[in-house]
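# A closer look at the structure
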Amino acid sequence: MTKATPDVISRAAELRDMLAEYDYHYYVLDDPKVPDAEYDRLFRELQDLEAKYPDIVTPDSPTQRVGARGETTFEEVEHRIPMLSLDNAFSEEELRDFDRRVRDRLKTSDDIEYVGEPKLDGLAVSLHFESGILTRAATRGDGYTGEDITANIRTISSIPLKLRGNSFPDVVEVRGEVYMPRKGFETLNKRLADRGEKTFVNPRNAAAGSLRQKKSSVTARRPLEMCAYSVALEDESRLPATHWEALQQVKKWGFRINPEMCKATGVEACLDAYNDLMEKRAGLPYEIDGIVFKVNSLALQQKLGFVSRAPRWAIAQKFPAQEELTVIEDVEFQVGRTGAITPVARLKPVFVGGVTVSNATLHNMDEIRRLDARIGDTVFVRRAGDVIPQVVKVVTEQRPDNARIVELPEVCPVCQSDVVQIEGEAVARCSGGLFCPAQRKEAIRHYASRKALDIEGLGDKWIDILVDRGMVHTVADLYKLKKSDLTGLERMGEKSASNLIKAIDRARHPVLWKFVYALGIREVGETTAKALASHFGTLEAISEADEEALQSVPDVGPTVAGHIRSFFDQSHNQEIIQALRDAGVQWQSEEITASEKPLKGETWVLTGSLSGMTRDEAKDRLESLGAKVAGSVSRKTACVVAGEEPGSKLTKAESLEVPVMDEEAFVDFLASHGIES
Ligand SMILES: NC(=O)c1ccc[n+]([C@@H]2O[C@H](COP(=O)([O-])OP(=O)(O)OC[C@H]3O[C@@H](n4cnc5c(N)ncnc54)[C@H](O)[C@@H]3O)[C@@H](O)[C@H]2O)c1
Ligand SMILES: [Zn+2]
């Protein structure tokens, strides 16, 4: 036997101390200090040292024990049959070694039949039933003594409080995993974050933290589920021949067993099962961190027995870790298509969740403050399934002296417009709505939309081409387009080009509210745009009004007033409005029209369909002349516009002797008031 050097002895002691500390944070506080992958590496290092120098093994080494115990408020429960851990395999080779060891011990060269089960990432529980009634539930604890969590367990609806049927032993213990499905975990964390409370790093921790609550009413509100994975009987002669059958039995008693469970004979079949499950991993509604292979025959399990902390008949083959440690090297700010400014952490590249990750979202400044994340910090990054990588925790102990606090930039990193953060809103935004290249496509789409300037044919496809080729930078550039610019473009027909030019040409004389709406000021929808237009009368008046004046408009509160103010305060936005003017866009100011609103006080009614305009357009035009448009005819109706196939409204108008106009007359009437159809 090789003698351990002092270096080896002190490294082993150091590893034991670290692991004991990590165990305490993980099992007792439900708040891990390092990601599992890091823990597993240190654990493996210690195991390897101890394997090489068996005389350095101490009885209290984490490699010889299960879990950890701290002082707890729960009653202690002694397990009649110890609840052990599982050995891990981190590679195909290690799985083959396991299978070889099993066959060697059983002195057979035959393929062994295994059961493969997803390794749910939660925590083990032991449930005691007497005469079919749940009498006691316990955590695993250190494997020999756990915590009595009966009251909390009763709140989990997938656990039967009474076994179904009548073929169960007088006393039986069912074991399984309590876990929190992904969805529930996300909702819970969001709720905690919104309240500024500490969030859970991952679903396992959330499950453990939720199950070990002092108040079962808190546990009851947590989305926990349970899957059974074994039965323990003191009288083992009453068990069926295989683990598989035992679980079918448990299922009949009313437990959930995992639907992904499978049988695999021989190690090759196990490797296939591993790959199959790995492919399903991201799509499962809960997290798994590997696959557990168990010898199916219970007689063979008996023969194999167990060592200090784990059975010899089972192994957990681990999947790539979903959490790793890395360092935030910088924080940059990205601008979304609606102007939202999102902080993104630039990370020291790290392999996590099966890929190399070098960026992670930090969501917003509130989140950065909640995490207390600084540039230079060592952090947990998590990449689970297809979800974008996230920073979930900062290891404050490892913060360097020169760590820098993250500050929200004052100006947009893309367009240099002011960044504004409205009180009470988590998200900061670029205020250069019309100008900011990051928001360009969205701004054009909105400007051209039906309720705004209604530029028919200017859909996403055109917008992509025009912006990507640098032909259009802002909405004002639209009016400079010529047909010859468009006809040469691939995938765009001659006809569609000429229709587009015509449509743009028609969009030069909006009524004021439509123009205000088209500017795309945050939270200024149709109703607010109408209210602003009729209150202020001109664009100049709106753009010069202070927040107080803006708030005298119905519907406009401090937030919206803030958005309007910061929009008009950006010289960039003003320049584009000027450029629109220069391009010949003219909005009819309400002031001028108001004084000469010829139909003020009149109520008009539309019936039938018009060929040259839609019902909405006809309505807008009448309203721009001051009329109210009503849905039914009465003696007070000033005029009825009757298109094709008019309904009963026309008959009624005639019987009440209300004046009627056909489409031609209506178009002439509009033209005489300066409205071209
Ligand atoms: N991050 C940390 O600081 C830290 C600290 C301690 C432990 N850990 C993690 O925990 C692991 C060790 O924990 P452990 O001893 O609980 O072992 P384990 O989680 O590796 O395996 C045993 C556990 O697997 C669970 N399990 C899930 N599905 C199962 C199934 N179908 N059949 C049987 N068991 C199933 C049970 O809860 C069982 O107790 C480490 O590998 C490490 O990743 C992390
Ligand atoms: Zn910007």
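Conventions we followed
- Going along each chain's sequence as written, the residues are numbered from 1 onward.
- A letter from A marks each chain and a number from 1 marks each ligand, given out in the order of writing.
- Residue-level local features of this predicted model are given only where pLDDT is at least 70; pairs of side-chain atoms are given and counted only at 80 or more, and the full residue set underlies all totals for whole chains, interfaces and linings.
- Paired strands are those between which DSSP finds at least two bridges.
- By definition, any uninterrupted DSSP run of H or I lasting at least four residues is a helix, any uninterrupted run of E lasting at least two residues is a strand, and each is numbered from the N terminus.
- Orientation is described by lines fitted to C-alpha atoms, with helices fitted over the stretch in contact, and by angles between N-to-C directions that extend from 0 to 180 degrees.
- We call two residues in contact if the C-beta atoms placed from their backbones are at most 7 Å apart.
- Proximity of a residue to a molecule or strand is defined by its backbone-placed C-beta atom lying within 6 Å of that partner.
- The classification used treats Ala, Val, Leu, Ile, Met, Phe, Trp, Tyr, Cys and Pro as nonpolar, Asp, Glu, Lys and Arg as charged, and all other residues, Gly among them, as polar.
- Should an angle lie under 35 degrees it is considered roughly parallel, over 145 roughly antiparallel, and from 65 to 115 roughly perpendicular; all remaining angles are considered oblique.
- Handedness of a crossing follows from how the near helix is turned relative to the far one, being left-handed for an anticlockwise turn of less than a right angle and right-handed for a clockwise one.
- By our criterion, buried Ala, Val, Leu, Ile, Met, Phe, Trp, Tyr and Cys residues that link up through C-beta atoms within 7 Å make up a nonpolar core.
- To sort residues by exposure, count the other C-beta atoms lying within 10 Å of each residue's C-beta; 20 or more gives buried, 12 or fewer gives exposed, and values between give partly exposed, all with C-beta atoms placed from the backbone.
- What counts as a domain boundary in this text is fixed by an automatic or database domain assignment.

Another point: the sheet that holds strand β4 (residues 123-130). Sheet architecture is open: four strands sit in the order β5-β4-β7-β8, paired in antiparallel fashion. The sheet is open, and its two edges are formed by β5 (133-139) and β8 (225-232), each paired on a single side. Pairs of neighbouring strands in the sheet enclose a mean axial angle of 30°, with direction left out of account. Two elements, β4 and β5, share six bridges in a ladder whose sense is antiparallel. When the sheet's bridge partners are listed, Ser 126 is paired in β5 with Ala 138. Here helix α6 (residues 203-211) sits on the sheet and contacts β4 and β7 (171-179); the angle it forms with β7, its principal contact strand, is near 130°.

This paragraph deals with the site of ligand 1. Ligand 1 sits among 26 residues. The nearest are Tyr 22, Tyr 26, Asp 36, Ser 85 and Ala 124. For the shell around ligand 1, the secondary-structure elements that each account for two or more residues are α1 (6-28), α2 (36-52), β3 (113-120) and β4. When residues in the shell around ligand 1 are grouped by element, the largest group, four residues, is from α1. A class-by-class count of the residues in the shell around ligand 1 yields 14 nonpolar, four polar and eight charged.

What follows is about the packing of helix α12 (residues 440-448) against helix α13 (residues 460-468). The interhelical angle for the contact between α12 and α13, taken along N-to-C directions, is 135°, at an axis separation of 10 Å. By the angle between their axes, α12 is oblique relative to α13. α13 is crossed by α12, and the crossing has right-handed handedness. In contact with Arg 440, Lys 441, Ile 444 and Arg 445 of α12, α13 contributes Asp 460, Ile 463 and Val 467. For the contact of α12 with α13, a count of residues per class yields three nonpolar, no polar and four charged.

Our next topic: the packing of helix α3 (residues 92-106) against helix α9 (residues 267-281). At a minimum axis distance of 10 Å, the contact between α3 and α9 shows a crossing angle of 140°. For the element pair α3 / α9, the angle class is oblique. Regarding α3 and α9, the two cross each other, and that crossing is right-handed. From α3, Glu 92, Leu 95, Arg 96 and Asp 99 reach across to α9, where they touch Val 267, Cys 270 and Leu 271. Residues belonging to the contact of α3 with α9 are distributed by class as follows: four nonpolar, no polar and three charged.

In this section: the nonpolar core. Membership of the largest hydrophobic core comes to 62 residues, with the highest contact counts inside it found for Tyr 447, Val 475, Leu 512, Val 516 and Ile 564. Element by element, the count of residues in this core is highest for helix α17 (residues 512-518), at six residues. Residue assignment places this core across two domains, with domain 3 (323-405) and domain 4 (430-590) each supplying three or more. Discounting chain neighbours no more than four positions away, the residues touching Val 475 are Leu 434, Ala 443, Ile 444, Tyr 447, Ile 576 and Leu 580. Residues Leu 120, Val 174, Tyr 179 and Cys 227 belong to the second largest nonpolar core, which totals 41 residues.

So yeah, pure geometry; function would need other evidence.
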